[in-house]
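The residues making up each chain are set out below.
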Amino acid sequence: MTKPSIPNVLNGLKNRLGDRNSLTIQSSGGHLFDMSFTFNPPIDEDVLSTYESLPEDYKNYLRLHNGTKFFSWEYGTLFGIHSLEESLGILEKVKTGEYVPMKYKDDWFPIGYFQDIGGLYIDLSTDKNHLILLGIPVYDLLCDFPTWLDRMIRVNGEIYWEWTSKEL
């Protein structure tokens, strides 16, 4: 199986959204919901170039959209990708002790969130760059950023990791 291309994944989604950046999805039990999407403009390359330790796939995402809200509805946003500025703000709060996530490790970089569940982090300690969902419990999602994004869009924001992930 080849690694998903972030531009292809996003273009496929955008082709389904239409002019209003919205999509009707079917949830469990046959319930239909209108969901909207908000794509921020790209990050400035000069800013991004100072963060060499971030995975190239994630930086490529920021080059397209410096933050995104996926599957938003009247009750909030199912998940989102932070802008780099938001990620750095969270990292600063962690370093100063203002925010202390459970089981946090210093080589985890915050990149997003799941509504009512927790933060999404990239594990920078290995070249696999697995994503970590830091909630209760903590999950290693056993995939990199492009694979995770592709899965999240294909399952309409559902919590697929409970299907095959292992609890840490």
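To keep things clear, this report deals only with the structure shown in the data block. Keep in mind it's a predicted model, so treat the numbers as computed, not measured. (Residues numbered from 1 in each chain as written. Predicted model: local features only at pLDDT ≥ 70, side-chain atom pairs only at ≥ 80, totals over all residues. Heavy atoms only, no water.)

Side note on the overall build of the chain
Next, step 1: Looking only at helices and strands, one finds six helices and nine strands in the chain.
Next, step 2: Over its C-alpha trace the chain gives a radius of gyration of 16 Å, about what one expects of a compact globule, namely 15 Å for 168 residues.
Next, step 3: Overall size of the chain, expressed as C-alpha extent along the three principal axes, is 45 × 35 × 35 Å.
Next, step 4: Evaluated residue by residue, the chain yields a buried proportion of 47% over its 168 residues.
Next, step 5: Only carbon and sulfur atoms are counted for the fraction: they give 49% of the accessible area of the chain, which is about 9,300 Å².
Next, step 6: Computing the positive centroid from 15 side-chain charges and the negative centroid from 24, the chain places the two 4 Å apart. (Helix = DSSP H or I, 4+ residues; strand = E, 2+ residues; numbered from the N terminus. Rg over C-alpha atoms; globule rule 2.2 N^0.38 Å. Buried < 20%, exposed > 50% of the residue type's maximum accessible area, 1.4 Å probe, protein only. Areas by Shrake-Rupley, 256 points an atom, 1.4 Å probe, with all protein chains shown as cover. Lys, Arg positive; Asp, Glu negative; His and termini not counted. Charge placed at Lys NZ, Arg CZ, Asp CG, Glu CD.)

Details of the pairing of strand E5 (residues 108-114)
Next, step 1: Burial runs high along E5: six of the seven residues are buried.
Next, step 2: The sheet contact formed by strand E4 (residues 76-81) and E5 spans three bridges and is antiparallel. Counterpart to Ile81 in the pairing with E5 is Gly112.
Next, step 3: Strand direction decides the pairing type here: E5 and strand E6 (residues 118-123), joined by six bridges, are antiparallel. (Pairing = 2+ DSSP bridges.)

Considering the environment of Lys95
Next, step 1: In this fold, Lys95 is placed in helix H4 (residues 84-96).
Next, step 2: Taking the C-alpha atoms as reference points, Lys95 and Asp106, separated by 11 residues in sequence, lie 9.0 Å from one another.

A short note on the nonpolar core
Soluble globular proteins tend to bury their nonpolar side chains together.
Next, step 1: The biggest cluster of nonpolar side chains holds 47 residues, and the ones touching the most others in it are Phe37, Tyr58, Phe70, Leu141, Phe145, Trp148 and Leu149.
Next, step 2: Excluding anything up to four places from it in sequence, Phe37 contacts Leu13, Leu17, Asn21, Ser22, Leu23, Lys69, Phe70 and Phe71. (Core = buried A, V, L, I, M, F, W, Y, C linked by side-chain atoms within 4.5 Å. Contact = heavy atoms within 4.5 Å.)

Geometric descriptors of this kind do not, in isolation, establish any biological role.
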